[in-house]
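In case you want the letters, here they are:
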Amino acid sequence: MPSYVIGNFFVYSVINAFTPGPGNILALNTVTTYGWKRGNPLFLGIFAGYYVVQLICAVFVYGVSTFLPKMLGVMKYIGAAYILWLAIHIAFSHPDGGNTEKSASFWKGFMLQFVNVKIYLFGITALTGYVTNYSTTLWVLILFEFVIAAIGTIATTTWIGAGMAIQKVYLRYYRPINIVLAATLLECVYSILK
């Protein structure tokens, strides 16, 4: 796999993982509401759910590549369209104040990931856009999905660790931050389609 493809895979993964999504917003809200100690079960649930969902994505892409190989080409364009939609959405979005959960349990965090469409699309798009052109071996797909889950865990941990500081900075400078993130995602779309 060429280094520029790996680089774009990481750029896409970092941007997607660090942008506000259900897991990041819930983690931020939970740490500011309950603190680290009381919110810890929910954070662990978010992390565990992330890895399980990415494993499901790897198995799904492997199954498609094994039984419907021509479908991967179509999925690549669907993935590029999703990244384009994500770039437009990020560029024009503004903070909405987050989520107000009433309790911080492992199962709430874990189950959130199973209904978090963003991470399914994230995992499938990353594989079909960057990895499957070079390998469709199950262990390679799982490896890249675990890299995605690790980046996602780091991103959520960053949101937790920064707490209100990130929220204040993002609330103040969300427009230029979102435009830079969106422009970077457009380069990712270009690299998938070239």
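About the cut-offs
Residues numbered from 1 in each chain as written. Predicted model: local features only at pLDDT ≥ 70, side-chain atom pairs only at ≥ 80, totals over all residues. Heavy atoms only, no water. Helix = DSSP H or I, 4+ residues; strand = E, 2+ residues; numbered from the N terminus. Buried < 20%, exposed > 50% of the residue type's maximum accessible area, 1.4 Å probe, protein only. Contact = heavy atoms within 4.5 Å. Phe/Tyr/Trp six-rings, centres within 6.5 Å; stacked < 30°, edge-to-face > 60°. Patch = residues over 30% accessible without salt bridge, like charges linked within 9 Å, V, L, I, M, F, W, Y side chains within 5 Å. Areas by Shrake-Rupley, 256 points an atom, 1.4 Å probe, with all protein chains shown as cover. Salt bridge = Lys/Arg side-chain N within 4 Å of Asp/Glu carboxyl O. Core = buried A, V, L, I, M, F, W, Y, C linked by side-chain atoms within 4.5 Å. Axes fitted to C-alpha atoms, helices over the stretch in contact; angles between N-to-C directions. Parallel < 35°, antiparallel > 145°, perpendicular 65-115°, else oblique. Left-handed = near helix turned anticlockwise from the far one by under 90°. Nonpolar A, V, L, I, M, F, W, Y, C, P; charged D, E, K, R; others polar. Expected span 1.5 Å × (residues − 1). pLDDT = per-residue confidence, 0-100. Polar contact = N/O pair within 3.5 Å; in protein donor to acceptor, adjacent residues only side chain to side chain.

Student: Would you mind going over the overall build of the protein with me for this structure?
Tutor: A count of helical and extended segments in the protein gives 7 helices and 0 strands. Listing the helices and strands of the protein from first to last along the sequence gives α-α-α-α-α-α-α. Across the 194 residues of the protein, 47% fall into the buried class. Of the contacts formed within the protein by residues at least 6 apart in sequence, a portion of 85% connects residues at least 24 apart.

Student: Would you take a moment to explain the packing of aromatic side chains for this structure?
Tutor: Two numbers describe a pair of aromatic rings. These are the distance of the centres and the angle of the planes. Within this structure, the stated rule accounts for 10 aromatic pairs. An angle of 85 degrees between the planes, with centres 5.4 Å apart, marks the rings of W107 and F110 as edge-to-face. Here W107 pairs with F110, and both are found in helix α4 (residues 106–114), just 3 residues apart, close to one helical turn. What makes W107 exposed here is its relative accessible area of 56%. Of the aromatic side chains, those joined through ring pairs into one cluster are F9, F10, Y12, F122, Y130 and F144.

Student: Would you explain a nonpolar patch on the surface in this entry?
Tutor: Together, M1, Y4, I6, F10 and Y134 line one region of the surface with nonpolar side chains, adding up to about 450 Å² of accessible area. Classification of M1 as partly exposed rests on a relative accessible area of 37%.

Student: Sorry if this is basic, but what is going on with the nonpolar core here?
Tutor: Nonpolar side chains in soluble globular proteins tend to be buried together. Ranked by size, the top nonpolar core spans 29 residues in total, and within it F9, Y12, L127 and V131 carry the most contacts. One finds V31, Y34, L42 and I46 within the second-largest nonpolar core, a separate group that totals 11 residues.

Student: Help me understand the packing of helix α5 (residues 117–131) against helix α6 (residues 138–162), please; the structure alone is not making it clear to me.
Tutor: How two helices sit against one another is set out by the angle between their axes and by the gap between those axes. In the contact formed by α5 and α6, the axes pass within 10 Å of each other and the chain directions differ by 125 degrees. The orientation of α5 relative to α6 falls into the category oblique. The element α5 and its partner α6 pack so that their crossing is right-handed. Listed contacts from α6 to F122, G123, I124, A126, L127 and V131 of α5 are V140, L141, F144, E145 and I148. When the residues that make up the contact of α5 with α6 are grouped by side-chain class, the tally is 9 nonpolar, 1 polar and 1 charged.

Student: Help me understand the environment of I119 in this model?
Tutor: Relative to the assigned elements, I119 resides in helix α5. Looking at I119, the relative accessible area reads 3%, which means it is buried. Sequence separation of I119 and G152 is 33 residues, and the distance between their C-alpha atoms is 9.0 Å. Those residues in contact with I119 that lie beyond four places of it in its chain are Y50, V53, Q54, C57 and Q113.

Student: In this structure, what is going on with helix α1 (residues 3–18)? I would like to understand it.
Tutor: Because an α-helix completes one turn every 3.6 residues, residues spaced three or four positions apart along the sequence face the same direction. For α1, with 16 residues, the first-to-last C-alpha span of 22 Å sits near the 22 Å given by 1.5 Å per residue. Within α1, burial applies to V5, N8, F9, Y12, S13, I15, N16 and A17.

Student: What is the right way to look at the side chain of E145 in this model?
Tutor: Mapped onto the elements, E145 comes out in helix α6. Ignoring sequence-local partners within four residues, the contact set of E145 consists of Q54, C57, A58, G123, I124 and L127.

Student: Quick question: what am I supposed to make of the environment of G39 here?
Tutor: Secondary-structure assignment places G39 in helix α2 (residues 22–67). Here the alpha-carbon distance between G39 and I160, two residues 121 residues apart in the chain, equals 9.5 Å. Here G39 is in contact with T30, Y34 and A104, once residues within four sequence places are set aside.

Student: Where do I start with the confidence of the model for the protein in this structure?
Tutor: Detailed reading of the predicted model is not advised wherever pLDDT is low. Counting all residues, the mean pLDDT for the protein is 81, and 85% of those residues have values of 70 or more. Mean pLDDT across the elements of the protein ranges from a minimum in helix α7 (residues 164–193), with 72, to a maximum in α6, with 93. Counting contacts from residues 97–101, a segment whose pLDDT is below 50, to residues more than four positions away or on other chains yields 9 contacts.

Student: Looking at this model, I keep getting lost on the side chain of T125. Mind explaining?
Tutor: Topologically, T125 is positioned in helix α5. Owing to a relative accessible area of 3%, T125 belongs among the buried residues under this scheme. Polar contacts involving the side chain of T125 include one to the main-chain carbonyl oxygen of L121, which spans 2.6 Å.

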